[in-house]
Amino acid sequence: ACTSMADSETAPVRAGRIMPSGNLLCDRNQLTSWTGEVTGYRRNSTQTWIEMHTDEATVESTIVDNLGQADASSQYLLWAQPFSTDDWSRIEQSEGVLHKGMRATAWICLDGKTSPVIDWQPPQD
C-alpha cells in the first residue's frame, strides 16, 4: 500500500498495516491509499469523482458510489472520524465546490467492487 506520514497520523493499524477507520471492508492485501491535494471534484445523485495530486508526485482519480444514498458521505471520513451532515461545510465552500487547499486520503480496495473511502483533511486555520 502507498502510504505517507499523514496516513499514519490519522489511520488505525490493523494486523501491522495502516487501515482506515469506518466501513471499508477490504482484504488488507487488496488495499492501497493515495494522499494528496484534491485537484478535481464532481458529485451528482449517484457518485462523486475525485482527482488528486498525490504526495508521491502522481495524479490519481477514483469514483465513490453513493450506495443508494443521497450522496457519498457514508463513504467519507473527516480526519479519520465518521463524517456527519455538519461536516459538508468543512469540506465544501458551496455545494459541489471544495475549499481551496483540500487534502484527502483515498482508501482504494483493488477488488473492483468495493467503493473507496475518502478521508477528508480540510486546511487547518
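Conventions used here
- Residues numbered from 1 in each chain as written.
- Predicted model: local features only at pLDDT ≥ 70, side-chain atom pairs only at ≥ 80, totals over all residues.
- Heavy atoms only, no water.
- Salt bridge = Lys/Arg side-chain N within 4 Å of Asp/Glu carboxyl O.
- Helix = DSSP H or I, 4+ residues; strand = E, 2+ residues; numbered from the N terminus.
- Buried < 20%, exposed > 50% of the residue type's maximum accessible area, 1.4 Å probe, protein only.
- Disulfide = S-S within 2.5 Å.
- Pairing = 2+ DSSP bridges.

*Asks:* I keep staring at the pattern of salt bridges and nothing clicks. Help me out?
*Replies:* Should the charged atoms of two oppositely charged side chains come close, the side chains can pair. Evaluation of the coordinates by the stated rule reveals 2 salt bridges. Here E92 and R43 are joined by a salt bridge, their closest N and O atoms 2.8 Å apart. Taken together, the residues span a long stretch of sequence, with E92 in strand β8 (residues 92-94) and R43 in strand β3 (residues 31-43) at a distance of 49 residues. With relative accessibility at 6%, the residue E92 sits in the buried group. Across the pair D55 and R103 runs a salt bridge whose closest N-O atoms are separated by 2.7 Å. Pair noted here: D55 is in the loop between β4 (47-54) and β5 (59-65) and R103 is in strand β10 (residues 103-109), with a separation of 48 residues, a long-range link. The exposure class assigned to R103 is partly exposed, which follows from its relative accessible area of 27%.

*Asks:* Whenever I open this one, the state of the cysteines confuses me. Can you help?
*Replies:* A covalent bond bridging the sulfur atoms of two cysteines is what the word disulfide describes. Within the structure shown, the criterion is met by 1 disulfide. The disulfide that involves C26 links it to C109, with 2.1 Å between the sulfurs. When the S-S torsion is 85°, as for the bridge of C26 with C109, the disulfide is right-handed. Here C26 is found in the loop between β2 (17-18) and β3, whereas its partner C109 is found in strand β10, with 83 residues between them in sequence. With relative accessibility at 7%, the residue C109 sits in the buried group.

*Asks:* Help me understand the pairing of β10, please; the structure alone is not making it clear to me.
*Replies:* The side chains of a regular strand alternate, first on one face of the sheet and then on the other. Of all 7 residues making up β10, 6 are buried, and the element is well covered by its neighbours. Pairing geometry for β3 and β10, over 7 bridges, is antiparallel. Looking at the pairing, W34 lines up with A106 of β10. Inspection of the sheet shows β10 paired to strand β11 (residues 117-121) by 5 bridges, in the antiparallel sense. If you follow A106 over to β11, its bridge partner there is I118.

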